[in-house]
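Report on the structure
Next come the chains, spelled out residue by residue.
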Amino acid sequence: MESILRTSLKYGSISAATFVGIYACLLGLITNHSFFQGHAVYLHAIQTTWFKDLNVPEAFGFLHNQVTPFSIESSDGESLYAWHILPPELYRKHEERLLKEPVGFAQDVTSRLAFKLLREDPDAILVIHMHGATGTVGSGYRVPNYRVLSAGRPDKIHVLAFDYRGFGYSTGSPSERGVLQDGIAAVNWAIKVAGIPHERILIFSHSLGTAVTSAVINHFVLESPSTNFAGVIFVAPFVDVPTLVATYRITGTIPMLGPFSSPFVTSMYEPIPPPRFPTFVRYLSTFIRDKWLTGDRIAEFVRINEAAGRKYRLTFIHAQDDYDVPWTHTLTLFHRVVNATIPGGILFEDLRFEKEVLQKDLGEAGTVVEWKTGNGVIREEILKYGLHDPIMGDSVVTQAVMRILDMK
Ligand SMILES: *[C@@H]1O[C@H](CO)[C@@H](O)[C@H](O)[C@H]1NC(C)=O
């Protein structure tokens with residue numbers, strides 16, 4: 001602490017030193033207590049659905065018995081609260097029988113008609129939804145998101161949403177290790193209990209959920225035999241927590257690390273610049289317990305698939321008006337991932353020129369770049385509009401699902 005103050009006094013004015021003091025104390029306080037740290041990263045105490053019962057999905061705008069609430073056990077004994085959401089056309093076909101089903105939380109989900117409609121359809125698609133920080137399966141733009149996920153094939157695409165440990169009605173408290181176990185448990189439920197082969201499973205992820213997802217796909221690709229999925233969608237992802245902290249702007253304007261933040265970048269053509277005083281920021285990040293190294297994990301996932309000649313489909317979507325996670329994270333991630341497909345790698349600057357050739361300009365809808373190898377398709381969609389959360393309910397998400405299902 002003292003040495004930080006001394007360094008900062010050397011570098012700047014008194015006010016800069018005060019800044020450092022405040023930030024260091026704050027981060028120190030947060031980071032030295034896993035309790036505070038857990039709450040700072042996952043914000044799971046912020047429920048946003050306090051006044052509604054998740055066991056009454058009708059209160060969130062669903063049809064009667066369209067959603068089956070149940071729970072999934074993690075391998076280390078946590079109980080994860082989940083929703084199985086039926087697509088609308090399938091619901092309509094079976095409406096009479098669904099209306100006669102028992103309501104509310106299912107102790108045994110396998111006894112429900114909705115579950116049988118998923119398990120017994122050889123063409124059913126299951127999207128596993130990995131949500132971001134705060135809230136529950138019923139929060140905010142997650143509900144419209146479930147609708148757009150199913151919209152492309154409303155008789156086939158089911159959604160599995162669940163709350164990580166410590167969120168909503170799930171037991172326990174979150175940590176990187178624990179939440180990863182939760183993501184693995186959801187996939188295992190889909191494969192082993194619902195009997196959906198991995199080629200018919202898509203993963204949709206948003207914000208913190210993109211970090212969970214990259215850890216989950218890495219886990220499954222490293223298993224033997226290795227398990228891959230039909231495709232993975234990352235909406236508003238971030239490179240890793242230390243980089244997020246260095247670029248985070250409270251309400252989009254006030255840099256969280258004050259004068260130590262990375263300078264704000266608005267250009268399509270630059271990676272996230274290194275923070276000012278990188279040594280200090282690196283020092284602070286040693287206190288961050290859960291780093292969620294998404295960039296490293298997806299790059300490794302791609303390297304393994306390329307080496308094994310296995311197909312993979314990754315779609316990154318980010319809006320330029322996202323005030324929570326700067327969209328430049330997606331540029332950096334796209335580079336890290338494409339770099340992993342090329343023996344010897346490619347520099348950000350060189351990829352920039354390649355992208356100019358490949359890029360489709362969609363006017364007010366933004367730009368798209370698709371990078372194809374013999375095995376993989378990596379898509380980067382930079383939208384002009386969508387913010388951080390509303391984007392989840394936008395039509396681009398329906399298209400992203402359909403595009404992956406169309407790619408054979
Ligand atoms: C790009 O790939 C090369 C070779 O695999 C690696 O040495 C380098 O660290 C990678 N760069 C980035 C930014 O990931």
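Not measured: the values here are computed from a predicted model. (Residues numbered from 1 in each chain as written. Predicted model: local features only at pLDDT ≥ 70, side-chain atom pairs only at ≥ 80, totals over all residues. Heavy atoms only, no water.)

1. Here we look at the site of the ligand
Within the structure, the ligand sits among Arg 303, His 335, Arg 336, Asn 339, Gly 344 and Gly 345. Within the side chain of Arg 336, a nitrogen or oxygen atom sits 3.4 Å from an oxygen atom of the ligand. A distance of 2.4 Å is found between an oxygen atom of the ligand and a side-chain nitrogen or oxygen belonging to Asn 339. The dominant element in the shell around the ligand, judged by the number of residues it contributes, is helix α13 (residues 328–339), at three residues. (Near = heavy atom within 4 Å. Polar contact = N/O pair within 3.5 Å; in protein donor to acceptor, adjacent residues only side chain to side chain. Helix = DSSP H or I, 4+ residues; strand = E, 2+ residues; numbered from the N terminus.)

2. Some points on the packing of aromatic side chains
Aromatic ring pairs: the centre-centre distance and the angle between the two ring planes describe each pair. Taken as a whole and judged by the stated rule, the model has eleven aromatic pairs. Note on Phe 220 and Phe 229: the rings are 5.8 Å apart at their centroids and 80° apart in plane angle, and the pair reads as edge-to-face. Phe 229 matches Phe 220 in its accessibility class, with the two residues each being buried. Put simply, the rings of Phe 60, Phe 62 and Trp 83 touch in pairs and so form one group of aromatic residues. Positioned above the aromatic ring of Phe 60, the side-chain terminus of Lys 52 is 4.8 Å from the ring centre. For the cation-ring pair, Arg 147 lies above Phe 62, with the distance from its terminal atom to the ring centre recorded as 5.8 Å. (Phe/Tyr/Trp six-rings, centres within 6.5 Å; stacked < 30°, edge-to-face > 60°. Buried < 20%, exposed > 50% of the residue type's maximum accessible area, 1.4 Å probe, protein only. Lys NZ or Arg CZ within 6 Å of the ring centre and 35° of its normal.)

3. Comments concerning the sheet that holds strand β4 (residues 157–162)
With respect to topology, ten strands assemble into an open sheet ordered β1-β2-β4-β3-β5-β6-β9-β12-β11-β10, the strand pairing being mixed. Each edge of the sheet is formed by a strand with only one pairing partner; in this case those strands are β1 (67–73) and β10 (360–361). Where helix α12 (residues 294–308) meets the sheet, it contacts β6 (231–235), β9 (312–319) and β12 (376–383), and its direction lies at approximately 155° from that of β9. (Pairing = 2+ DSSP bridges. Contact = heavy atoms within 4.5 Å. Axes fitted to C-alpha atoms, helices over the stretch in contact; angles between N-to-C directions.)

4. Remarks on a nonpolar patch on the surface
There is a patch of nonpolar side chains on the surface, built from Leu 43, Ile 46, Trp 50 and Phe 51 and spanning about 500 Å² of accessible area. Within the secondary structure layout, Ile 46 lies in the loop between α3 (34–42) and β1. By relative accessible area, Ile 46 is classed as partly exposed at 40%. (Patch = residues over 30% accessible without salt bridge, like charges linked within 9 Å, V, L, I, M, F, W, Y side chains within 5 Å. Areas by Shrake-Rupley, 256 points an atom, 1.4 Å probe, with all protein chains shown as cover. Salt bridge = Lys/Arg side-chain N within 4 Å of Asp/Glu carboxyl O.)

5. Quick look at the environment of Ile 217
Here Ile 217 lies in helix α9 (residues 208–222). On the accessibility criterion, Ile 217 (0% relative accessible area) is buried. Measuring from C-alpha to C-alpha, the distance between Ile 217 and Arg 297 comes to 8.6 Å, with 80 residues separating the pair along the chain. Once residues lying within four places of it in the same chain are set aside, the contact partners of Ile 217 are Ile 203, Phe 229, Val 232, Phe 234 and Phe 301.

6. Description of the pairing of β6
Of all five residues that make up β6, five are buried, and the element is covered over most of its length. Burial along β6 is two-sided: the residues Gly 231, Ile 233 and Val 235 and Val 232 and Phe 234 are all buried. Here strand β5 (residues 201–206) runs beside β6; their pairing, made up of five bridges, is parallel. Looking at the pairing, Phe 204 lines up with Ile 233 of β6. Crossover handedness for the path β5 to α9 to β6: right-handed. Note: β6 against β9, four bridges, orientation parallel. For Val 235, the partnering residue across the bridge sits in β9 and is Ile 317. (Right-handed = clockwise from strand over helix to strand, strands pointing away.)

7. Comments concerning the packing of α13 against helix α14 (residues 348–358)
For the pair α13 and α14, the least separation of the axes is 11 Å and the interaxial angle reads 95°. In terms of their interaxial angle, α13 and α14 are classed as roughly perpendicular. Touching Leu 331, Thr 332, Phe 334, His 335 and Val 338 of α13 are Phe 348, Leu 351 and Lys 355, all from α14. Residues belonging to the contact of α13 with α14 are distributed by class as follows: five nonpolar, two polar and one charged. (Parallel < 35°, antiparallel > 145°, perpendicular 65-115°, else oblique. Nonpolar A, V, L, I, M, F, W, Y, C, P; charged D, E, K, R; others polar.)

8. Observations concerning the confidence of the model for the chain
Taken residue by residue, the chain gives an average pLDDT of 88. The fraction at 70 or more is 83%. Long-range and interchain partners of residues 1–21, a stretch whose pLDDT sits below 50, account for 18 contacts in this model, where long-range means more than four residues apart. (pLDDT = per-residue confidence, 0-100.)

9. Things to note about α9
In this model, α9 (15 residues) spans 22 Å end to end at C-alpha, consistent with the 21 Å of a helix rising 1.5 Å per residue. Among the 15 residues in α9, 13 count as buried, and that is most of the element. (Expected span 1.5 Å × (residues − 1).)

10. Considering the side chain of Thr 210
You can see Thr 210 is positioned in helix α9. Thr 210 sits in the buried class, given a relative accessible area of 0%. In this structure the side chain of Thr 210 is engaged in a polar contact, spanning 2.6 Å, whose partner is the backbone oxygen of Ser 207. The residues touching Thr 210, leaving out its near neighbours within four places in the chain, are Ser 205, Phe 234, Val 235, Pro 237, Phe 238 and Thr 294.

11. Notes on the pattern of salt bridges
Opposite charge on two side chains permits pairing when their charged atoms draw close. Under the counting rule described, the total for this entry stands at twelve salt bridges. The partner of Asp 182 in a salt bridge is Arg 165, with the nearest N and O atoms 2.7 Å apart. Pair noted here: Asp 182 is in helix α8 (residues 176–193) and Arg 165 is in the loop between β4 and α8, with a separation of 17 residues, a long-range link. Three or more residues joined by partner-sharing salt bridges are found here, namely Glu 370, Lys 372, Arg 379, Glu 381 and Arg 403.

12. Thoughts on the pairing of strand β2 (residues 79–85)
Most of β2 is tucked away, with six of its seven residues classed as buried. Across seven bridges, the pairing between β1 and β2 is antiparallel. Looking at β2, one finds that Glu 73 is bridged to Ser 79. Linking β1 back to β2 in an antiparallel pair, the connection comprises five residues, with Gly 77 at a positive phi of about 90°. Strand direction decides the pairing type here: β2 and β4, joined by four bridges, are antiparallel. From the neighbouring strand, His 84 faces β4, where its bridge partner is Leu 160.

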